[in-house]
2 protein chains.
Amino acid sequence: MTALRCTAIHAPTPDAIEVLDDVRIVLDEVGTIVSIEPASGIDEASAPSDVVVGPDRVLVPGMVDTHVHAPQWPQLGTGLDLPLERWLFEYTFPLEARFADTGYARSVWDQMVPALLAHGTTAAVYYGSRHVEATTALAEACVGHGQRALVGRVAMDHPDGTPEWYRDESPTASVDDSARSIDDIEAMADPLGLVEPIITPRFTPACTDAALAGLGQLAELSGARVQTHCSESDWEHGHALDRYGMTDAHALDRFGLIRPHTVLAHATHLDDADRSLLASAGAGVAHCPLSNVYFANRPFAARASLGAGVAVGLGTDIAGGPSPSVLAQCGHAVVASQRLADEGDRDARLDLVTAFHLATAGGADLAGLPVGRFVPGAAFDAIAISLDAIGVDPDLDDWSRRFDKLVHRAGPAAFTDVWVAGRRVAGTDHQH
Amino acid sequence: MTALRCTAIHAPTPDAIEVLDDVRIVLDEVGTIVSIEPASGIDEASAPSDVVVGPDRVLVPGMVDTHVHAPQWPQLGTGLDLPLERWLFEYTFPLEARFADTGYARSVWDQMVPALLAHGTTAAVYYGSRHVEATTALAEACVGHGQRALVGRVAMDHPDGTPEWYRDESPTASVDDSARSIDDIEAMADPLGLVEPIITPRFTPACTDAALAGLGQLAELSGARVQTHCSESDWEHGHALDRYGMTDAHALDRFGLIRPHTVLAHATHLDDADRSLLASAGAGVAHCPLSNVYFANRPFAARASLGAGVAVGLGTDIAGGPSPSVLAQCGHAVVASQRLADEGDRDARLDLVTAFHLATAGGADLAGLPVGRFVPGAAFDAIAISLDAIGVDPDLDDWSRRFDKLVHRAGPAAFTDVWVAGRRVAGTDHQH
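Residues numbered from 1 in each chain as written. Chains lettered and ligands numbered in written order. Predicted model: local features only at pLDDT ≥ 70, side-chain atom pairs only at ≥ 80, totals over all residues. Heavy atoms only, no water.

1. Quick look at the overall build of chain A
Working step 1: What chain A contains, in helices and strands, is 13 helices and 17 strands.
Working step 2: The C-alpha atoms of chain A give a radius of gyration of 21 Å, which matches the 22 Å a tight globule of 432 residues would have.
Working step 3: Oriented by its inertia axes, the alpha-carbon framework of chain A measures out at about 65 × 50 × 40 Å.
Working step 4: Expressed as a percentage of its 432 residues, the buried residues of chain A come to 64%. (Helix = DSSP H or I, 4+ residues; strand = E, 2+ residues; numbered from the N terminus. Rg over C-alpha atoms; globule rule 2.2 N^0.38 Å. Buried < 20%, exposed > 50% of the residue type's maximum accessible area, 1.4 Å probe, protein only.)

2. Quick word on the relation of the copies chain A and chain B
Working step 1: Relative to chain B, chain A is turned by 180 degrees and slid 0.0 Å along the rotation axis, the superposed coordinates differing by an RMSD of 0.0 Å. The relationship between the two copies is best expressed as a two-fold rotation axis.
Working step 2: When the interface residues of chain A are mapped onto chain B, 100% of them are again interface residues, pointing to one common binding face. (Least-squares fit on C-alpha atoms with pLDDT ≥ 70 in both. Contact = heavy atoms within 4.5 Å.)

3. Description of the pattern of salt bridges
All names here are of chain A.
Working step 1: All chains considered together, the criterion is met by 40 salt bridges over all chains.
Working step 2: Between Asp365 and Arg373 there is a salt bridge, with its nearest N and O atoms 2.8 Å apart.
Working step 3: Under the relative-accessibility criterion, Asp365 is labelled partly exposed at 35%.
Working step 4: If you follow the salt bridges from partner to partner, you end up with Arg57, Asp417, Arg424 and Asp429 in one network. (Salt bridge = Lys/Arg side-chain N within 4 Å of Asp/Glu carboxyl O.)

4. Focus on the environment of Ser400 of chain A
All names here are of chain A.
Working step 1: On the secondary structure map, Ser400 appears in helix α13 (residues 399-409).
Working step 2: Overall, the relative accessible area of 43% leaves Ser400 in the partly exposed class.
Working step 3: Between the C-alpha atom of Ser400 and that of Arg153, which follows or precedes it by 247 residues, the distance is 41 Å.

5. Focus on the pairing of strand β10 (residues 195-201) of chain B
The two faces of a sheet get side chains in turn, since along a regular strand they alternate between them.
Residue and element names in this part refer to chain B.
Working step 1: For β10, the tally of buried residues reaches six of seven residues, placing the bulk of the element in the interior.
Working step 2: Sheet topology places strand β8 (residues 148-152) next to β10; three bridges connect them, and they run parallel. In the strand pairing of β10, Leu150 is matched with Glu196.
Working step 3: Taken together, the two bridges between strand β9 (residues 154-155) and β10 define a ladder with parallel strand orientation. Residue pairing for β10: Ala155 is matched across the bridge by Pro201.
Working step 4: In this region the chain leaves β9, passes through helix α4 (residues 171-186) and returns to the parallel neighbour β10; the handedness of that crossover is right-handed. (Pairing = 2+ DSSP bridges. Right-handed = clockwise from strand over helix to strand, strands pointing away.)

6. A look at the packing of aromatic side chains
Residues and elements named next belong to chain A.
Working step 1: Per the stated rule, a full pass over the model turns up 20 aromatic pairs over all chains.
Working step 2: Measuring from ring centre to ring centre gives 5.2 Å for Phe89 and Phe93, while their planes differ by 75 degrees; the resulting arrangement is edge-to-face. Here Phe89 and its partner Phe93 are both found in helix α1 (residues 84-97), four residues apart, which amounts to about one turn of the helix.
Working step 3: With a centroid separation of 5.8 Å and an interplanar angle of 70 degrees, the aromatic rings of Tyr244 and Phe255 are classed as edge-to-face. With Tyr244 in helix α6 (residues 234-244) and Phe255 in the loop between α7 (248-254) and β12 (263-266), the pair connects residues that are eleven residues apart, well separated along the chain.
Working step 4: Chaining the aromatic ring pairs together yields one cluster made of Phe89, Phe93 and Tyr166.
Working step 5: Across the ring face of Tyr104, the terminal group of Arg98 is positioned such that the distance to the ring centre comes to 4.1 Å. (Phe/Tyr/Trp six-rings, centres within 6.5 Å; stacked < 30°, edge-to-face > 60°. Lys NZ or Arg CZ within 6 Å of the ring centre and 35° of its normal.)

7. Let's talk about the environment of Asp101 of chain A
Working step 1: By secondary structure assignment, the location of Asp101 of chain A is in the loop between α1 and α2 (102-118).
Working step 2: Here Asp101 of chain A falls in the partly exposed class, since its relative accessible area comes to 44%.

8. Focus: the side chain of Thr7 of chain B
All names here are of chain B.
Working step 1: In this structure, Thr7 sits in strand β1 (residues 3-13).
Working step 2: Among the polar contacts made by the side chain of Thr7, one reaches the side chain of Asp21 at a distance of 3.2 Å.
Working step 3: A polar contact is formed between the side chain of Thr7 and the backbone nitrogen of Asp22, at a distance of 2.9 Å.
Working step 4: Sequence-distant contacts of Thr7, defined by excluding residues within four places in its chain, comprise Val19, Leu20, Asp21, Asp22, Arg57, Val58, Leu59 and Trp399. (Polar contact = N/O pair within 3.5 Å; in protein donor to acceptor, adjacent residues only side chain to side chain.)

9. Some remarks on helix α5 (residues 209-222) of chain B
Quick reminder: α-helices carry 3.6 residues per turn. Residues three or four places apart thus point the same way.
All names here are of chain B.
Working step 1: The terminal C-alpha atoms of α5 lie 20 Å apart, and with 14 residues this matches the ideal 20 Å at 1.5 Å per residue to within 8%.
Working step 2: At its buried positions, α5 is contacted by β9, α4, β10, β11 (225-230) and α6 (234-244).
Working step 3: Gly223 lies just past α5 and shows a positive phi near 80 degrees. (Expected span 1.5 Å × (residues − 1).)

10. Here's the deal with the interface of chain A and chain B
Working step 1: Tallying the contact residues gives 32 residues for chain A and 32 residues for chain B.
Working step 2: Carbon and sulfur atoms make up 54% of the area that chain A and chain B hide from each other, which totals about 2,700 Å².
Working step 3: Across the chain A-chain B interface, the total number found is two salt bridges.
Working step 4: Close ionic contact of Asp342 of chain B with Arg339 of chain A constitutes a salt bridge, the shortest N to O distance being 3.2 Å.
Working step 5: Here chain A is connected to chain B by eight residue pairs in polar contact (both at pLDDT 80 or more).
Working step 6: Counting only elements with at least two residues in the side of chain A that touches chain B, the list comes to α9 (289-295), α11 (326-342) and α13 of chain A.
Working step 7: Broken down by element, the side of chain A that touches chain B gets its largest block of residues, seven residues, from α11 of chain A. (Buried area = accessible area lost by both parts, 1.4 Å probe.)

11. Things to note about unusual backbone geometry
Working step 1: Here Ile318 of chain A and Ala319 of chain A are connected by a cis peptide whose omega angle stands at 5 degrees.
Working step 2: Of note, Ala319 of chain A is situated in the loop between β14 (311-314) and α11.
Working step 3: Its identity as a non-glycine residue notwithstanding, Ala421 of chain A has a phi of 50 degrees, on the positive side.
Working step 4: Topologically, Ala421 of chain A is positioned in the loop between β16 (415-420) and β17 (423-426).
Working step 5: Of the residues examined, Ala421 of chain A reaches a relative accessible area of 1% and is grouped as buried.
Working step 6: One non-glycine residue, Asp317 of chain B, lies in the positive phi region at around 55 degrees.
Working step 7: Along the chain, Asp317 of chain B falls in the loop between β14 (311-314) and α11 (326-342).

12. Digging into the packing of helix α4 (residues 171-186) of chain A against helix α5 (residues 209-222) of chain A
All names here are of chain A.
Working step 1: Their axes nearest at 8 Å, the elements α4 and α5 cross at an angle of 25 degrees. Of the possible angle classes, the one that applies to α4 and α5 is roughly parallel. Our pair here, α4 against α5, has a crossing hand that is right-handed. When α4 is examined against α5, the residues Pro171, Ser174, Val175, Ser178, Ala179 and Ile182 are found in contact with a partner set consisting of Ala210, Ala211, Gly214, Leu215, Leu218 and Ser222.
Working step 2: When its residues are assigned to classes, the contact of α4 with α5 shows eight nonpolar, four polar and no charged. (Axes fitted to C-alpha atoms, helices over the stretch in contact; angles between N-to-C directions. Parallel < 35°, antiparallel > 145°, perpendicular 65-115°, else oblique. Left-handed = near helix turned anticlockwise from the far one by under 90°. Nonpolar A, V, L, I, M, F, W, Y, C, P; charged D, E, K, R; others polar.)

13. So, the packing of helix α2 (residues 102-118) of chain B against helix α3 (residues 132-145) of chain B
All names here are of chain B.
Working step 1: Where α2 contacts α3, the two axes come as close as 9 Å, and the packing angle between them is 35 degrees. In this structure, α2 meets α3 at a crossing whose hand is right-handed. Contacts between α2 and α3 involve Thr102, Ala105, Arg106, Trp109, Asp110, Met112, Val113, Pro114 and Leu117 on the former and, on the latter, Glu133, Ala134, Ala137, Leu138, Glu140, Ala141, Cys142 and His145.
Working step 2: Each residue belonging to the contact of α2 with α3 can be placed in one class, and the counts come to eleven nonpolar, two polar and four charged.

14. Observations concerning a negative patch on the surface
Residues and elements named next belong to chain B.
Working step 1: Together, Glu140, Asp183, Asp184 and Glu186 give the surface a local cluster of negative charge.
Working step 2: Here the negative patch takes three residues from α4, the largest share from any one element.
Working step 3: Tracing the sequence through the fold places Asp184 in helix α4. (Patch = residues over 30% accessible without salt bridge, like charges linked within 9 Å, V, L, I, M, F, W, Y side chains within 5 Å. Areas by Shrake-Rupley, 256 points an atom, 1.4 Å probe, with all protein chains shown as cover. Lys, Arg positive; Asp, Glu negative; His and termini not counted. Charge placed at Lys NZ, Arg CZ, Asp CG, Glu CD.)

15. Here's the deal with the confidence of the model for chain A
Fine structural detail should not be taken from predicted coordinates in areas where pLDDT scores are low.
Working step 1: Looking at chain A as a whole, its pLDDT mean stands at 96, while 99% of the residues score no less than 70.
Working step 2: Both scores are given for the predicted complex: the pTM is 0.97, the ipTM 0.95. (pLDDT = per-residue confidence, 0-100.)

16. Things to note about the pairing of β8 of chain B
Residues and elements named next belong to chain B.
Working step 1: Counting buried residues in β8 gives five out of five residues, a clear majority hidden from the surface.
Working step 2: Side chains Arg148, Leu150 and Gly152 project from β8 onto one buried face, and the interleaved Ala149 and Val151 project onto a second face that is buried too.
Working step 3: Looking at chain direction, strand β7 (residues 121-127) and β8 are connected through five bridges and run parallel. In the strand pairing of β8, Val125 is matched with Leu150.

17. Some remarks on helix α1 (residues 84-97) of chain B
Residues and elements named next belong to chain B.
Working step 1: In the structure, α1 departs most strongly from a straight axis at Tyr91, where the bend amounts to approximately 35 degrees and where the proline Pro94 lies between one and four residues downstream.
Working step 2: Within α1, the full set of buried residues consists of Leu84, Trp87, Leu88, Thr92, Phe93, Leu95 and Glu96.
Working step 3: Buried-residue contacts for α1 involve β6 (63-69), α2, α6 and α9 (289-295). (Bend = angle between axes of the 7 residues up to and from the residue.)

Written out as structure tokens, the structure reads:
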């Protein structure tokens, strides 16, 4: 596809949606937007668009899931009855350990990646397992199915924070395997440039100081981005205070892990100094509002972080959250913020526009991905949504109401087309 | 259908699920379950089941939505940015007033009822509009599309709590129109006995004392059930205290409206005396956890009410809540209860089994409907769910995990068949 005529809606800033009513979007050969112009001024006869999306549909940017544990896909929706530490040791680590079998891993990735694309997740920031081969296979699956992704081998070597049967052999092995994973992913054939590696220490309780320091050095040397968890629960927050005498965010910074586009999952216990640290470093938070209900003891204060200049995206936290849908997290983010507002912080409330911004442009900015807005220079990752499928009445519903309905009501059944880098990768419309 | 072979799962009590593994369910001519027996002991050759549901699917009871505002369907998912009172006057009453046009009403019902059936809502407790004709048309649509329902004309006559252009003419007219609506619905042809009327004062702020007293007398004379809202928000709670010097529940009781199977929506501000009143009367609460986020200022304390013997069901509160799915309310009910637990009431947490019980048997018991469990004597209202569509791995997932996945992950795309009174009324399986 090189030229598409459509109506599109996006939230380039946290404060407002913008409707691009009947525009023509021109792409280059790798799916980057070259121009967006009113279609009314273009002579379709002499230069026809090769895709025309009718007025019964609207495009939105593809969803950016900033926090996905890929090997937890088989347990999505189960086992949310335990506190975080027990959940890891009793359910999660045993499942992730199975990914030593790369064939099993491939079978899971080949279910998961298409399922997430069908949910409109055109870009994902993945934790793999601790296995280099399974993680490379995940990157290959993303390229194969056409999903944009950052893919990280999980580093985890601490004898107290990991079980003997699912642990890197040593701090050196932990860093070396992470470096090898970066090399393997960077060596892959990937003509559209969809996939990049990301350095992924699981979280401080699972990593030795030596591994954390080595991974910080690896980030500096390789230039690869970093992701990890940060002060998710009372337990993790207290762990950092006990071990380092400082907050988790500051401890991670001491190891050189708070860098531009570092993605910190959850971060529900940030204080003002943490927010300043993240904002000045260009790092930010993968806000996983539904997961937080089960594991974080409190909601993440999204408004306070945005106000402090911290980058914020949304994440499903598959499978710490039971839903695979980033769009659904918009509603959950509003619910979480309303709780903070009801508890006394009247400025805490997010509206749906801001939540949608976080699910698209916000997540892209956080992770340093060239998506999330319909602007020249951005990659064309998008979803076409059937207005009929979300109950839009053209007489009753202006664009503001159509927007509300699409955020609250759209899902895979309403997604007629999903594109990544201009390639159609999912959708219900079998005519294409 | 008179005999069906399947595996089914239900939650006959709040505390446990029961798996009916490979059973034969026999129905009578109006869809009531006559017997449930292990299929292994039955000779299929001599007495074949006319429907056989394979091991790749599981049946659950149909969902009971105990709180739906039918005329708000066109605004589902929109306009949740205002407090309750302004939301009513600025968005909701103008929309409901359109249902004076019975043709418009029919067009909405013919979209909504099939959509709710596709979401697995086999039984709904409906508020119509204040129009007798539109409300009767809703009852007709339920019979026509095969949905079980209680259908109530909304009584609202108070000059302060309603706008001049959407108000019953007088207390007498309010009671007379309600009586006429009962007569019209009871006179309908309805061979399966799917639909019954329900007396529906909107809520105390919208009704005069004379109307409330008259509707209480009408309930006593007609035997029809009652529904209304009760202490939903700070505003409504304060209104009753100011007007009556007592809680909303006790004020409603003074008018004879707290009766067996009275369905009180929201009730987020109940105190211990209210709970005792409801429990002894056999009345209960339509718990609408997602709606409460937007309009109630606080979650309903479901556990405390269950512990006091109050009947509790789940409701979407279409369109005070943006989701049409009762199954989705199970997750929202857990989220709401977790908030109460995080705020200090450690006993407040609902687990998924209890939430599912409320969505099925609990709602049925509250509303006095003969559904919600797979037992002889119950009507066969059920949903068949594709295990593949909810990501079940037969090797990995025992029944407990399959149950978790079906509650968290199932939706219309996974519902292969939906039956009401033994008749197939919706579902994705086009082979049937």
